Amino acid sequence: MELQKWVDKGYQLTIDYAPKVLMAIVIWIVGAFVIKYILKGIAKAMDKANYDISLRKFLLDLISWILKIVLIIVVLGTVGVETTSFAAIIAAAGLAIGLALQGSLANFAGGVLIMIFKPFKVGDYIKAQGEAGTVKEIDIFTTKLTTPDNKEIIIPNGSLSNGNITNFSTEDTRRVDLTFGVGYDSDIKRTKEVILSVIKSNNLILQEPAPAINVSELADSSINFFTRVWVKKEDFWDVHFYLIEQTKEALDAAGIDIPYPHSVEIQKEG
């Protein structure tokens, strides 16, 4: 009798809930398809409106999460779960999760701030939080950078939005700063002429603003010449390495003493 009782109860539950479960499955499948279609339509609309690529991905991720949460609530309501009670549970759980995941919420808020104020975009070369690289992706919680040696760095948006950011790609031009040291017996005027001749030999160096060569320091074993030239941002490293190599060779050819070790201060960013 006891077994028959359980069989009858199981049969009744199947009769009561099987249609609801099947309907929930259908709603989930159709809903997932509709969400995919909506996201595809929004993506096309953003493409036509020329949305920034970083903003485009951020908004699509956010909309996707919202639509999926709505779909889950609809599916649970179809099965028979009271959505009002479910909403209360979500609110309570949200509060608990929010307290436990304050860092994640800060990262989300940071991502929103990055999208609003746009201190950088995908493709920019930046330095932040002690790391430097090209912005590969801006997600809801993190930003991904690719370093010059092809490593991926993931930085939380919370700390990124609250810290200092150096963007090397914002301006069209950059200044190359180098310091060359020569011996105390060297002629200052002649040394300037040699360095200037190297500068003039490179067509990538801009003439406006004009290059500058100045004695910056009388060091212990050398006279240091601070050299500044302006270039287009994409030519920065080509000119940087060119000046170091060609200035060394030109000073040697001119018979100008270069103390050992030869002191050249360089920029490590960008």
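Quick summary incoming for the structure in this document. (Residues numbered from 1 in each chain as written. Predicted model: local features only at pLDDT ≥ 70, side-chain atom pairs only at ≥ 80, totals over all residues. Heavy atoms only, no water.)

Looking at the sheet that holds strand 5 (residues 165-167)
Piece 1. Read across the sheet, five strands follow the order 4-3-2-1-5 without closing on themselves; strand pairing throughout is antiparallel. Of all the strands in the sheet, just strand 4 (152-156) and strand 5 have a single pairing partner and so form its edges. If you compare each strand with its neighbour and ignore which way they point, the axes differ by 40 degrees on average.
Piece 2. Pairing between strand 1 (residues 125-128) and strand 2 (residues 131-138): four bridges, direction antiparallel. Each residue of the ladder has a partner; that of Lys127, found in strand 2, is Ala132. (Pairing = 2+ DSSP bridges. Helix = DSSP H or I, 4+ residues; strand = E, 2+ residues; numbered from the N terminus. Axes fitted to C-alpha atoms, helices over the stretch in contact; angles between N-to-C directions.)

Some details on a positive patch on the surface
Piece 1. Taken together, Lys36, Lys40, Lys44 and Lys48 make up a surface patch of like positive charges.
Piece 2. Note on placement: Lys44 falls in helix 1 (residues 2-48). (Patch = residues over 30% accessible without salt bridge, like charges linked within 9 Å, V, L, I, M, F, W, Y side chains within 5 Å. Areas by Shrake-Rupley, 256 points an atom, 1.4 Å probe, with all protein chains shown as cover. Salt bridge = Lys/Arg side-chain N within 4 Å of Asp/Glu carboxyl O. Lys, Arg positive; Asp, Glu negative; His and termini not counted. Charge placed at Lys NZ, Arg CZ, Asp CG, Glu CD.)

Observations concerning unusual backbone geometry
Piece 1. Residue Pro209 is reached from Glu208 by a cis peptide bond, and omega for that bond is -5 degrees.
Piece 2. Relative to the helices and strands, Pro209 resides in the loop between helix 6 (188-200) and strand 7 (212-218).
Piece 3. Positioned with a positive phi, Lys118 is a non-glycine residue whose angle comes to about 50 degrees.
Piece 4. Locating Lys118 in the fold gives a position in the loop between helix 4 (102-117) and strand 1.
Piece 5. Note on Lys118: relative accessible area 47%, which makes it partly exposed.
Piece 6. In this model, Gln129 sits at a positive phi of 55 degrees, which is unusual for a non-glycine residue.
Piece 7. Locating Gln129 in the fold gives a position in the loop between strand 1 and strand 2. (Buried < 20%, exposed > 50% of the residue type's maximum accessible area, 1.4 Å probe, protein only.)

A word on the nonpolar core
Piece 1. Val176, Ile199, Ile205, Val229, Val239 and Leu243 are the most contacted members of the largest nonpolar core, which totals 20 residues.
Piece 2. When sequence neighbours within four positions are dropped, the list of residues in contact with Ile199 reads Ile205, Pro211, Ile213, Thr227, Val229 and Leu243.
Piece 3. Grouped together as the second largest cluster of nonpolar side chains are 13 residues, Met115, Ile126, Val135 and Ile155 included. (Core = buried A, V, L, I, M, F, W, Y, C linked by side-chain atoms within 4.5 Å. Contact = heavy atoms within 4.5 Å.)

Re the packing of aromatic side chains
Piece 1. Following the criterion strictly, the structure yields four aromatic pairs and no others.
Piece 2. Relative to Phe141, the ring of Phe108 lies with its centre 6.3 Å away and its plane at 50 degrees, an arrangement referred to as tilted. Remark: Phe141 occurs in the loop between strand 2 and strand 3 (142-146) and Phe108 occurs in helix 4; sequence separation between them is 33 residues.
Piece 3. We classify Phe141 as partly exposed; its relative accessible area is 39%.
Piece 4. Between Trp237 and Phe241, the ring centres sit 5.4 Å apart and the planes meet at 25 degrees, which makes this aromatic pair stacked. You can see Trp237 and its partner Phe241 sitting in helix 7 (residues 236-253), four residues apart, about one turn around the helix.
Piece 5. What links up through ring pairs into an aromatic cluster is the set Phe236, Trp237 and Phe241.
Piece 6. Here the basic side chain of Arg174 rests over the ring of Phe236, its NZ or CZ set 3.8 Å away from the ring centre. (Phe/Tyr/Trp six-rings, centres within 6.5 Å; stacked < 30°, edge-to-face > 60°. Lys NZ or Arg CZ within 6 Å of the ring centre and 35° of its normal.)

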